[in-house]
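Each chain, written out:
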Amino acid sequence: MNDALSLLQPYPFEKLRGLLADVQPADKPRIALSIGEPKHPAPQFVADALSTNLQQLSVYPTTQGIPALREAMAAWCERRFGVPAGALDPARHVLPVNGTREALFAFTQAVVDRSADGLVLSPNPFYQIYEGAALLAGATPHYLPCRAENGFNPDFEAVPAQVWARCQILFLCSPGNPTGALVPLETLKKLIRLADEYDFVIAADECYSELYFDEGNPPPGLLTACAALGRLDFRRCVVFHSLSKRSNLPGLRSGFVAGDAEVLKGFLHYRTYHGCAMPVQTQLASIAAWNDEAHVSANRELYRAKFDAVLDILQPVLDVQRPDGGFYLWPRTPVDDLRFTRELFAQEHVAVVPGSYLSREIDGFSPGAGRVRMALVAPLAECVEAAGRIRAYLERL
Ligand SMILES: Cc1ncc(COP(=O)(O)O)c(C=O)c1O
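Read on for a plain summary of the structure. (Residues numbered from 1 in each chain as written. Predicted model: local features only at pLDDT ≥ 70, side-chain atom pairs only at ≥ 80, totals over all residues. Heavy atoms only, no water.)

## Examining the packing of aromatic side chains
Applied cut-off: Only Phe, Tyr and Trp rings are paired, with Trp represented by its six-membered ring, and only when their centres lie within 6.5 Å; those with planes under 30 degrees apart are stacked, over 60 edge-to-face, the remainder tilted. Helix and strand assignments follow DSSP, with helices taken as H or I runs no shorter than four residues and strands as E runs no shorter than two, numbered in order from the N terminus. Burial classification: accessible surface area is computed with a 1.4 Å probe over protein chains only, and a residue below 20% of its type maximum counts as buried, one above 50% as exposed, and the rest as partly exposed.
Tallied over the entire structure, the rule returns 17 aromatic pairs. With 4.8 Å between their ring centres and 50° between their planes, Trp 76 and Trp 290 make a pair best called tilted. Of this pair, Trp 76 sits in helix H3 (residues 67-81) while Trp 290 is found in helix H11 (residues 280-290), placing the two residues 214 residues apart along the sequence. When sorted by exposure, Trp 76 lands in the same class as Trp 290, which is buried. With centroids separated by 5.0 Å and ring planes inclined at 65°, the aromatic side chains of Phe 256 and Trp 290 adopt a geometry described as edge-to-face. Of this pair, Phe 256 sits in strand S8 (residues 255-259) while Trp 290 sits in helix H11, placing them 34 residues apart in sequence. You'll find Phe 256 and Trp 290 in the same group, each marked buried. In textbook terms, an aromatic cluster arises when at least three aromatic residues are bridged by ring pairs, as seen for Trp 76, Phe 81, Phe 256 and Trp 290.

Right under this line is the structure:
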């Protein structure tokens, strides 16, 4: 077996199962705020597009996907991120992927130069794939703490030059999982300058980019920064997008990467061997989803109502803020996060994820410790019920 497999940590949900294994929960219906799986209904028109194209089951899809799909993705990026029309060439700047999870992993395998003792930088806490992908690609993960004092973003100014010099990929997650923090436009521009200076690739995981609160003010992404800098070759910049959260289609397995044509050429070459082409019926359903914004806006409205209601209940008793985007709350717990998680499960049958399971301890400091992640994915009434039970637990503490 591959030695590097032994470097992989147990997934946070495995750790959570262990933590709660001997806990006898109260006799109330279980509410899971632990899993970040969208629960709003999938759009019917996408399901229809999928089912009316099932005859495509008889064809092998290509890795690059059909031109109409890449055109829809490029056009969406241009509309959404202020990229000048025509700047993203669907043939060179866009590739379909089966969700961002496999793409983040595969991308790292394709980009890391194993001969160079490289680093893969990621926020800490972080989406676990960044770390596993780096380890299996033969690189060393390097974690950038996301502290509340810095708006839950890494302090990029504090990263030493010798770390940037070894950096091969910088992962960004904006809005972040679990913090909900957005990387500001000015920071993105500075990071692009650093990528040029030290020759690394920025991999911006923007799979939560469409879950924001101010309908009139969609948050910027890495492509917005490229457009603002007039960097229309998107050099060293690659973004990762997905229909999972935007369109409530986690089971469709559909997303894309867009950006630097040279990097994507290498990635396409890798993917040809990797064998992960998107089925044509999925591609056709995805076109329908990327071309429609009404369902995305309705989806945001559902999340907005849940954040409003839950924060009303929790803010008087818990140190918790509305995130910049995404569907998570990332409160500070008044007691140790493992204790909080166990007691809340025992007394109220509500599951959350301890923050320390989502971060790594570096030099004695774990940025997730003393926080928990709560995903507001369940229907409004269930989220309100969960918030009431969390409040009851906190009031008894
Ligand atoms: C930060 C982040 N990136 C990527 C993914 C993967 O999503 P998908 O593969 O469904 O696009 C997730 C899923 O929860 C996530 O939280």
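## Details of the sheet that holds S8
For clarity, the threshold we go by: Strand pairing requires that DSSP identify at least two bridges connecting the strands. Lines fitted to C-alpha atoms define the axes here, with helix axes fitted over just the stretch in contact, and angles between the N-to-C directions of these axes take values from 0 to 180 degrees. Should any heavy atoms of two residues lie within 4.5 Å, those residues are considered in contact.
Strands sit in the order S2-S8-S7-S6-S5-S3-S4 across an open sheet of seven strands; the sheet is mixed. In this open sheet, the two edge strands, each paired with only one partner strand, are strand S2 (94-97) and strand S4 (140-145). Between one strand axis and the next, the sheet turns by 20° as a mean value, whatever way the strands run. Note: S2 against S8, four bridges, orientation antiparallel. If you follow Val 94 over to S8, its bridge partner there is Ala 258. Against the sheet, helix H5 (residues 129-136) touches strand S3 (119-124), S4, strand S5 (167-173) and strand S6 (201-205), its axis set at about 150° to S4.

## Re unusual backbone geometry
The step from Ser 174 to Pro 175 runs through a cis peptide bond, and the omega angle for that step is -10°. Within the fold, Pro 175 resides in the loop between S5 and helix H7 (185-198). Cis geometry is adopted by the peptide bond preceding Pro 178, which originates at Asn 177 and carries an omega value of 10°. On the secondary structure map, Pro 178 appears in the loop between S5 and H7. Backbone geometry places Arg 236, a non-glycine residue, at a positive phi of 65°. Of note, Arg 236 is situated in the loop between helix H8 (222-228) and strand S7 (237-242). For Arg 236, a relative accessible area of 13% corresponds to the buried category.

## Here's the deal with the side chain of Asn 98
What counts is decided by this rule: Counted as a polar contact is a pair of N or O atoms within 3.5 Å, where, for protein atoms, one must be capable of donating a hydrogen and the other of accepting one, and residues adjacent in sequence contribute only when both atoms are in side chains.
Residue placement: Asn 98 occurs in the loop between S2 and helix H4 (100-111). Only 2.8 Å separates the side chain of Asn 98 from the backbone oxygen of Cys 276, close enough to count as a polar contact. Discounting residues that sit within four places of it in the chain, Asn 98 has contacts with Arg 253, Ser 254, Arg 271, Cys 276, Ala 277, Met 278 and Pro 279.

## Digging into the environment of Ala 49
Within the secondary structure, Ala 49 sits in helix H2 (residues 44-51). When the C-alpha atoms of Ala 49 and Leu 284 are compared, they prove to be 6.7 Å apart, with 235 residues separating the residues in sequence. Non-local contacts of Ala 49, meaning those with residues more than four positions away in its chain, are made with Leu 284, Ala 285 and Ala 288.

## Remarks on the sheet that holds strand S9 (residues 328-329)
Strand order in this open sheet of three strands is S9-S12-S11, and the pairing throughout is antiparallel. Among the strands making up the open sheet, the edge pair consists of S9 and strand S11 (353-354). With two bridges joining them, S9 and strand S12 (residues 372-375) adopt antiparallel strand pairing. Along S12, the bridge assignment pairs Leu 329 with Met 374.

## Remarks on the site of the ligand
In plain terms, the rule: Any residue with a non-hydrogen atom lying within 4 Å of a molecule or strand is treated as near it. Areas reported here follow the Shrake-Rupley algorithm with a probe of radius 1.4 Å; residue values treat only the protein chains shown as occluding. Ten residue types, Ala, Val, Leu, Ile, Met, Phe, Trp, Tyr, Cys and Pro, are classed as nonpolar, four, Asp, Glu, Lys and Arg, as charged, and the remainder, Gly among them, as polar.
In the neighbourhood of the ligand, 15 residues make up the surrounding shell, with Thr 100, Asp 205, Ser 242, Ser 244 and Lys 245 lying closest. Taking Arg 101, its main chain carries an N or O atom lying 2.9 Å from an oxygen atom of the ligand. Between an oxygen atom of the ligand and a side-chain N or O atom of Tyr 208, the distance comes to 2.7 Å. In isolation the ligand has 390 Å² of accessible area, and contact with the protein removes 92% of it. It is H4 that contributes the most residues to the shell around the ligand, three residues altogether. Its residues assigned to classes, the shell around the ligand comprises six nonpolar, five polar and four charged.

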